[in-house]
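Observations on chain architecture
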Amino acid sequence: MSAQSATAMGITTSARAAVRRALLAWYRRTARDLPWRRTRAPYCIWLSEILLQQTRVETVEPYYERFMAALPTVAALAAAPLERVLRLWAGLGYYTRARSLHRAARIIVAEHGGAFPRTAAEWQRLPGIGRYTAGAVASIAYGEPVPAADGNVRRVLARLCNYTAPLNTQAGQDAIWERAEWLLPRQAPGDFNQALMELGARVCTPRRPRCPDCPVQRWCAGLSAGQPEHLPVRRNRRRVPEVEAVAGVLRRRGQILLVRRPPGLLGGMWTLPTAELRVGQSPVRRLRALLHPGLIVGAQRAIVGHQFTHRRLRVHVHACEWPRGVVHPRGNLDRRWVPPAELDAYVLTTLDRKLLRAALD
Ligand code: SF4
């Protein structure tokens, strides 16, 4: 790359070498001791990267330990029923990750004799593995010099290189990955990628970057330009739509009614009887249509909010009673009466746990 285009990256070629050295030294001195950092085993790195998607390190640690104790190898993961994997995942959200992890393990075992891919390009052919995860696993486990720009790293790079165009566009993504590639050393690329992630998580944080504590502040173009906290710039996104729904709480002899979601999103997981509402639709009528026309719907007990990636849900939770002589919902809903003390044995989403808390309070 020419000196001119290197400067266009926001920092000069000579500064690049200094940035690499300073960042690696800082990381090796101060990195948090995390269980998946004590190994280069691809299974551990892959599992931790999937768990860490959209999830904080502190939340992931106990899940990682439990997963490793229960399913310590890719062969064990591939042989486990999906239900067991979902149970280990329960509470983490974004269950598609767990399903893809399981599918990928089965592909690795069935089609590759249990041998892991070695390059980022090969990793990306597996379900649930995008450019970031492929780069992270290949660089950390195999030392392949490929970048791994997750949200934290993209923010750090936008500031370090003073990238002031919107980042949430294809052009912005391409530009920031180009910077990630340009900055990456061929030696210790895994440590360097993790150093950028660590800097984003602990120092170059979204609202208030701690620039005085930053190991690369001398070379930070965003800091020199003033107000790095305003980077990265984002083009306004469309508002996330809000969807109303209703959930019914039915009790029988101290037990609570759960039904199984039909195939599709979150299919197979247990939940309170829940249904989405069309605009202006009455929660009472919707619950009767779902469960029984004579259902006695009591007062609303709570409204539970839950944010998904593409929409926000507001669930009206109502206590209900069967009309005399009826004990089961209509239709062929797969159902189960469960004592509250046994709810922990069920694979429940975070939303369902919130609903049950509201129902049982
Ligand atoms: Fe982020 Fe500040 Fe460090 Fe620049 S100097 S990389 S803005 S923490």
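All chains use their own residue numbering, which begins from 1 and follows the written sequence. For this predicted model, a pLDDT threshold of at least 70 governs which residues receive local features, and a threshold of 80 or more governs which side-chain atom pairs are given and counted, while totals over whole chains, interfaces and linings are taken from all residues. To obtain the side-chain values, all non-hydrogen atoms of the structure were included, while hydrogens and water were left out.

Turning our attention to the overall build of the protein. We count a stretch as a helix when DSSP gives it H or I for four or more residues in a row; a strand needs E for two or more, and each element gets its number in order from the N terminus. Per the secondary structure count, the protein includes 15 helices and 7 strands. Each principal axis of the C-alpha distribution contributes one length, and for the protein these read about 80 × 50 × 30 Å. A buried classification covers 48% of the 361 residues belonging to the protein. Counted over contacts in the protein with a minimum sequence separation of 6, partners at least 24 positions apart contribute 67%. Total accessible area on the protein is roughly 18100 Å²; 50% of this is exposed by carbon and sulfur atoms. Looking at charge distribution, the protein has the averaged site of its 55 positive side-chain charges lying 4 Å from that of its 26 negative ones. Only protein chains enter the area calculation, which uses a 1.4 Å probe; residues under 20% of their type maximum are buried, those over 50% are exposed, and those in between are partly exposed. Note on definitions: a residue-residue contact is assigned when non-hydrogen atoms from the two residues lie within 4.5 Å. The Shrake-Rupley method, run with a 1.4 Å probe sphere, supplies the accessible areas, and residue values consider only the shown protein chains as cover. Positive charges come from Lys and Arg alone, negative charges from Asp and Glu alone, with His and the N- and C-terminal ends not counted. The atoms used to mark charge sites are NZ of Lys, CZ of Arg, CG of Asp and CD of Glu.

The convention used is that axes are lines fitted to C-alpha atoms, helices contributing only their stretch in contact, and that angles between N-to-C directions extend from 0 to 180 degrees. Relative orientation of the contacting elements helix α6 (residues 82–89) and helix α7 (residues 96–112) amounts to 135 degrees, with a least axis distance of 10 Å. On the basis of their axis angle, the class for α6 and α7 is oblique. The interaxial crossing formed by α6 with α7 has right-handed handedness. On α7, the residues that touch L82, V85, L86 and W89 of α6 are R97, A98, R99, L101 and H102. Polar here means any residue outside two lists: the nonpolar Ala, Val, Leu, Ile, Met, Phe, Trp, Tyr, Cys and Pro, and the charged Asp, Glu, Lys and Arg; Gly therefore counts as polar. Partitioning the contact of α6 with α7 into residue classes produces 6 nonpolar, 1 polar and 2 charged. When an angle is under 35 degrees it counts as roughly parallel; over 145 it counts as roughly antiparallel; between 65 and 115 it counts as roughly perpendicular; any other value is oblique. A clockwise turn of the near helix away from the far one marks a right-handed crossing, whereas an anticlockwise turn of less than a right angle marks a left-handed crossing.

For the rest of this paragraph, the subject is the nonpolar core. By size, the foremost hydrophobic cluster in this structure holds 85 residues, and its most contacted members are W46, F67, L77, W89, W123, L199 and V216. Excluding residues within four positions of it along the chain, F67 makes contact with L47, P72, L77, V85, L88, W89 and L101. Residues enter a nonpolar core if they are buried and are Ala, Val, Leu, Ile, Met, Phe, Trp, Tyr or Cys, with the set joined through side-chain atoms within 4.5 Å. Ranked by size, the runner-up nonpolar core spans 21 residues in total, among them V249, V315, L343 and A359.

Of the strand pairs in this sheet, strand β1 (residues 242–252) and strand β6 (residues 312–321) are connected by 9 bridges, and their pairing is parallel. In the strand pairing of β6, A245 is matched with V315. Across 3 bridges, the pairing between β1 and strand β4 (residues 274–276) is antiparallel. Counted as the bridge partner of A245 is E276 from β4. Pairing between two strands is assigned when DSSP locates at least 2 bridges connecting them. Inspection of the sheet shows β1 paired to strand β2 (residues 255–260) by 2 bridges, in the antiparallel sense.

Turning our attention to unusual backbone geometry. Note on backbone geometry: most residues besides glycine have negative phi, and most peptide bonds are trans. Following L231, the chain continues to P232 via a peptide bond in cis, the omega torsion being 0 degrees. Unlike most non-glycine residues, Q54 shows phi in positive territory, near 60 degrees. For Q54, the position within the fold is in the loop between α3 (42–52) and α4 (57–70). Classification of Q54 as exposed rests on a relative accessible area of 62%. Even without being glycine, A188 reaches a positive phi, approximately 55 degrees. With respect to the secondary-structure elements, A188 resides in the loop between α11 (170–183) and α12 (189–202).

The rule is short: rings of Phe, Tyr and Trp, with Trp giving its six-membered ring, pair when the centres are within 6.5 Å, and they are stacked under 30 degrees, edge-to-face over 60, tilted in between. Applying the stated criterion across every chain yields a total of 7 aromatic pairs. Geometrically, the ring pair formed by Y43 and W46 is edge-to-face, given 6.2 Å between the ring centres and 70 degrees between the ring planes. You can see Y43 and its partner W46 sitting in helix α3, 3 residues apart, about one turn around the helix. Aromatic side chains W46 and F116 sit 6.3 Å apart centroid to centroid with 70 degrees between the ring planes, which places their arrangement in the edge-to-face category. Of this pair, W46 sits in helix α3 while F116 is found in the loop between α7 and α8 (120–123), placing the two residues 70 residues apart along the sequence. Of the residues examined, W46 reaches a relative accessible area of 0% and is grouped as buried. A residue is classified by how much of its surface remains accessible, and F116, at 18% relative accessible area, is buried. Clustering of aromatic rings is evident, with ring pairs tying together Y43, W46, F116 and W123. Note on criteria: charge over ring means Lys NZ or Arg CZ within 6 Å of the ring centre, with the direction from the centre no more than 35 degrees off the ring normal. We note R66 situated over the ring of Y63; from NZ or CZ to the ring centre the distance is 4.8 Å.

The next subject is the site of the ligand. Surrounding the ligand, one finds R159, C204, P209, C211, C214, Q217, C220, L223 and P228. Considered class by class, the residues forming the shell around the ligand number 7 nonpolar, 1 polar and 1 charged. Residues are counted as near a molecule or strand when any one of their heavy atoms sits within 4 Å of it.

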